[in-house]
Amino acid sequence: ELVLPLVVMLVTSMVSAFALGALVKRHENSSQRITLAVCVVTNFIPLYMFLGMRQKWEIYFLFVVAGILVSPFPALSRGILAQMIPAGYSSTVMSLEGILELGTAWVGPLVIGLIVDLSGSIRWGCFSMTFVMLPALPFLFRTDLALASEQKVAVEESMQAEEGQDLEMFQLVPESEEG
(Lines give C-alpha, C1' and ligand atoms only; values in the text may rest on other atoms or scores of the structure.)
Protein backbone atom coordinates (compact mmCIF):
# COMPACT_ATOMS: atom_id res chain seq x y z
CA GLU A 1 0.00 0.00 0.00
CA LEU A 2 3.00 2.31 0.47
CA VAL A 3 4.68 1.44 -2.84
CA LEU A 4 2.86 4.09 -4.86
CA PRO A 5 3.56 6.93 -2.36
CA LEU A 6 7.24 5.89 -2.34
CA VAL A 7 7.36 6.03 -6.15
CA VAL A 8 5.71 9.46 -6.02
CA MET A 9 8.35 10.55 -3.49
CA LEU A 10 11.21 9.27 -5.68
CA VAL A 11 9.93 11.10 -8.76
CA THR A 12 9.35 14.25 -6.72
CA SER A 13 12.86 13.96 -5.30
CA MET A 14 14.44 13.83 -8.75
CA VAL A 15 12.45 16.83 -9.95
CA SER A 16 13.27 18.69 -6.74
CA ALA A 17 17.00 18.04 -7.04
CA PHE A 18 17.13 19.53 -10.52
CA ALA A 19 14.79 22.42 -9.72
CA LEU A 20 16.59 23.50 -6.55
CA GLY A 21 19.94 23.15 -8.29
CA ALA A 22 18.76 25.58 -10.95
CA LEU A 23 17.33 27.88 -8.27
CA VAL A 24 20.63 28.03 -6.38
CA LYS A 25 22.53 28.72 -9.61
CA ARG A 26 20.12 31.49 -10.56
CA HIS A 27 20.20 33.20 -7.17
CA GLU A 28 23.77 33.58 -5.97
CA ASN A 29 24.39 33.04 -2.24
CA SER A 30 20.93 31.56 -1.73
CA SER A 31 21.98 28.11 -0.52
CA GLN A 32 21.87 29.13 3.15
CA ARG A 33 18.38 30.65 2.86
CA ILE A 34 17.12 27.61 0.96
CA THR A 35 18.66 25.26 3.53
CA LEU A 36 17.02 27.22 6.35
CA ALA A 37 13.66 27.03 4.58
CA VAL A 38 14.09 23.29 4.03
CA CYS A 39 14.92 22.75 7.73
CA VAL A 40 12.00 24.82 8.96
CA VAL A 41 9.45 23.19 6.65
CA THR A 42 10.88 19.72 7.35
CA ASN A 43 10.21 20.30 11.05
CA PHE A 44 6.53 20.80 10.23
CA ILE A 45 6.20 17.39 8.52
CA PRO A 46 6.18 15.35 11.76
CA LEU A 47 3.96 17.94 13.41
CA TYR A 48 1.48 17.66 10.53
CA MET A 49 1.68 13.86 10.71
CA PHE A 50 1.13 13.90 14.42
CA LEU A 51 -1.66 16.44 14.62
CA GLY A 52 -3.35 16.76 11.25
CA MET A 53 -3.06 13.73 9.01
CA ARG A 54 -6.37 11.88 8.88
CA GLN A 55 -7.06 11.03 5.20
CA LYS A 56 -5.30 8.58 2.91
CA TRP A 57 -4.59 11.26 0.26
CA GLU A 58 -2.59 13.16 2.87
CA ILE A 59 0.03 10.42 2.77
CA TYR A 60 0.65 11.27 -0.89
CA PHE A 61 0.83 14.97 -0.05
CA LEU A 62 3.28 14.24 2.77
CA PHE A 63 5.48 12.10 0.53
CA VAL A 64 5.52 14.81 -2.17
CA VAL A 65 6.57 17.45 0.37
CA ALA A 66 9.19 15.11 1.82
CA GLY A 67 10.51 14.37 -1.67
CA ILE A 68 10.81 18.08 -2.43
CA LEU A 69 12.64 18.83 0.82
CA VAL A 70 14.81 15.84 1.62
CA SER A 71 16.43 15.18 -1.76
CA PRO A 72 18.46 18.40 -2.18
CA PHE A 73 19.44 18.70 1.49
CA PRO A 74 22.84 16.92 1.27
CA ALA A 75 23.87 18.99 -1.75
CA LEU A 76 22.78 22.22 -0.05
CA SER A 77 24.71 21.43 3.13
CA ARG A 78 27.83 20.51 1.15
CA GLY A 79 27.50 23.74 -0.80
CA ILE A 80 27.46 25.73 2.42
CA LEU A 81 30.46 23.82 3.76
CA ALA A 82 32.37 24.42 0.50
CA GLN A 83 31.94 28.16 0.96
CA MET A 84 33.61 27.97 4.38
CA ILE A 85 36.38 25.37 4.03
CA PRO A 86 39.84 26.53 2.90
CA ALA A 87 41.52 24.74 0.03
CA GLY A 88 43.44 21.74 1.24
CA TYR A 89 40.98 20.98 4.04
CA SER A 90 37.91 20.18 1.97
CA SER A 91 38.59 16.45 1.64
CA THR A 92 39.00 16.11 5.42
CA VAL A 93 35.83 18.03 6.28
CA MET A 94 33.77 16.43 3.51
CA SER A 95 34.95 12.98 4.61
CA LEU A 96 33.81 13.71 8.15
CA GLU A 97 30.49 14.99 6.80
CA GLY A 98 30.13 11.81 4.74
CA ILE A 99 30.78 9.63 7.78
CA LEU A 100 28.17 11.56 9.77
CA GLU A 101 25.70 11.25 6.90
CA LEU A 102 26.24 7.48 6.70
CA GLY A 103 25.87 7.24 10.46
CA THR A 104 22.54 8.99 10.41
CA ALA A 105 21.41 6.72 7.57
CA TRP A 106 21.22 3.81 9.99
CA VAL A 107 20.80 5.59 13.35
CA GLY A 108 17.71 7.51 12.18
CA PRO A 109 15.72 4.46 11.04
CA LEU A 110 16.89 2.58 14.14
CA VAL A 111 15.60 5.30 16.47
CA ILE A 112 12.35 5.69 14.54
CA GLY A 113 11.88 1.89 14.54
CA LEU A 114 12.47 1.69 18.30
CA ILE A 115 10.01 4.52 18.94
CA VAL A 116 7.42 2.87 16.68
CA ASP A 117 7.90 -0.45 18.50
CA LEU A 118 7.56 1.17 21.91
CA SER A 119 4.65 3.48 21.05
CA GLY A 120 2.86 1.43 18.41
CA SER A 121 2.48 4.51 16.19
CA ILE A 122 4.51 5.74 13.22
CA ARG A 123 3.45 9.26 14.15
CA TRP A 124 5.63 9.25 17.27
CA GLY A 125 8.51 7.80 15.29
CA CYS A 126 8.41 10.53 12.68
CA PHE A 127 8.02 13.18 15.36
CA SER A 128 11.51 12.24 16.56
CA MET A 129 12.90 13.83 13.36
CA THR A 130 12.09 17.21 14.86
CA PHE A 131 14.50 16.59 17.74
CA VAL A 132 17.29 16.02 15.22
CA MET A 133 16.55 18.95 12.90
CA LEU A 134 15.49 21.57 15.44
CA PRO A 135 18.91 21.97 17.14
CA ALA A 136 20.49 22.73 13.74
CA LEU A 137 18.36 25.81 13.13
CA PRO A 138 20.16 28.21 15.52
CA PHE A 139 23.50 27.29 13.94
CA LEU A 140 22.17 27.91 10.45
CA PHE A 141 20.56 31.21 11.46
CA ARG A 142 23.75 32.46 13.12
CA THR A 143 26.19 31.40 10.39
CA ASP A 144 27.56 34.41 8.52
CA LEU A 145 28.61 32.99 5.16
CA ALA A 146 30.11 36.28 4.00
CA LEU A 147 32.39 36.40 7.04
CA ALA A 148 33.20 32.70 6.68
CA SER A 149 34.14 33.24 3.03
CA GLU A 150 36.40 36.16 4.00
CA GLN A 151 38.07 34.04 6.66
CA LYS A 152 38.46 31.20 4.17
CA VAL A 153 40.28 33.52 1.76
CA ALA A 154 42.48 34.86 4.57
CA VAL A 155 43.47 31.32 5.61
CA GLU A 156 44.19 30.36 2.00
CA GLU A 157 46.34 33.47 1.51
CA SER A 158 48.31 32.80 4.71
CA MET A 159 48.82 29.19 3.62
CA GLN A 160 50.16 30.38 0.26
CA ALA A 161 52.50 32.84 1.97
CA GLU A 162 53.81 30.10 4.26
CA GLU A 163 54.37 27.79 1.30
CA GLY A 164 56.38 30.52 -0.42
CA GLN A 165 58.56 30.99 2.69
CA ASP A 166 59.15 27.26 2.93
CA LEU A 167 60.30 27.15 -0.68
CA GLU A 168 62.70 30.07 -0.11
CA MET A 169 64.16 28.34 2.94
CA PHE A 170 65.05 25.22 0.94
CA GLN A 171 66.42 27.07 -2.05
CA LEU A 172 70.02 25.92 -2.50
CA VAL A 173 71.22 28.46 -5.05
CA PRO A 174 70.56 32.11 -4.27
CA GLU A 175 68.78 34.09 -6.96
CA SER A 176 71.14 36.28 -8.97
CA GLU A 177 70.68 39.98 -8.43
CA GLU A 178 69.83 41.95 -11.49
CA GLY A 179 70.89 45.50 -11.65
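What comes next concerns the included structure. Counting starts from 1 at the beginning of each chain's written sequence and moves along it residue by residue. Note on the predicted model: pLDDT of at least 70 is required for a residue's local features to be given, and 80 or more for side-chain atom pairs to be given and counted; whole-chain, interface and lining totals, by contrast, use all residues. By convention in this description, side-chain values take in all heavy atoms of the structure and omit both hydrogens and water.

A few points about a nonpolar patch on the surface
Right, so step 1: A patch consists of residues whose relative accessible area exceeds 30% and which take part in no salt bridge; residues with like charges are grouped when within 9 Å of each other, and nonpolar side chains (Val, Leu, Ile, Met, Phe, Trp, Tyr) when within 5 Å. Methods summary: accessible areas were calculated by the Shrake-Rupley approach with a probe of 1.4 Å, and residue burial reflects only the protein chains presented. For salt bridges, the criterion is a side-chain nitrogen of Lys or Arg within 4 Å of an Asp or Glu carboxyl oxygen. Together, V3, L4, V7, V11, M14, V15 and F18 make up an exposed nonpolar region whose accessible area comes to about 720 Å².
Right, so step 2: Counting through the fold element by element, V3 comes out in helix 1 (residues 3–26). The numbering of helices and of strands both runs from the N terminus, where a helix is a DSSP run of H or I of at least 4 residues and a strand a run of E of at least 2.

Section: the environment of M53
Right, so step 1: Along the polypeptide, M53 turns up in the loop between helix 2 (31–51) and helix 3 (57–70).
Right, so step 2: Three labels apply to residues, based on accessible area from a 1.4 Å probe with only protein chains included: buried if under 20% of the type maximum, exposed if over 50%, partly exposed otherwise in between. Look at M53 and you get buried, because its relative accessible area is 10%.
Right, so step 3: Separated by 70 residues in sequence, M53 and R123 have C-alpha atoms that sit 9.4 Å apart.
Right, so step 4: Leave out the neighbours within four places in its chain, and M53 touches Y48, E58, I59, L62 and R123. Contacts are residue-level and defined by heavy atoms, with any inter-residue pair within 4.5 Å sufficient.

Structural notes on the nonpolar core
Right, so step 1: What we call a nonpolar core is a set of buried Ala, Val, Leu, Ile, Met, Phe, Trp, Tyr and Cys residues that are connected through their side-chain atoms within 4.5 Å. By size, the foremost hydrophobic cluster in this structure holds 12 residues: L20, I34, V38, I45, M49, M53, L62, V65, A66, L69, L76 and C126.
Right, so step 2: Elements that contribute at least two residues to this core include exactly helix 2 and helix 3.
Right, so step 3: When neighbours within four sequence positions are excluded, I34 is seen to be in contact with L20, L23, V24 and L76.

Structural notes on the environment of V24
Right, so step 1: In this fold, V24 is placed in helix 1.
Right, so step 2: The exposure class assigned to V24 is partly exposed, which follows from its relative accessible area of 25%.
Right, so step 3: Expressed as a C-alpha distance, the spacing of V24 and I34, which sit 10 residues apart in the sequence, is 8.1 Å.
Right, so step 4: Residues contacting V24, with those up to four places away along its chain left out, are S30, S31, I34 and L76.

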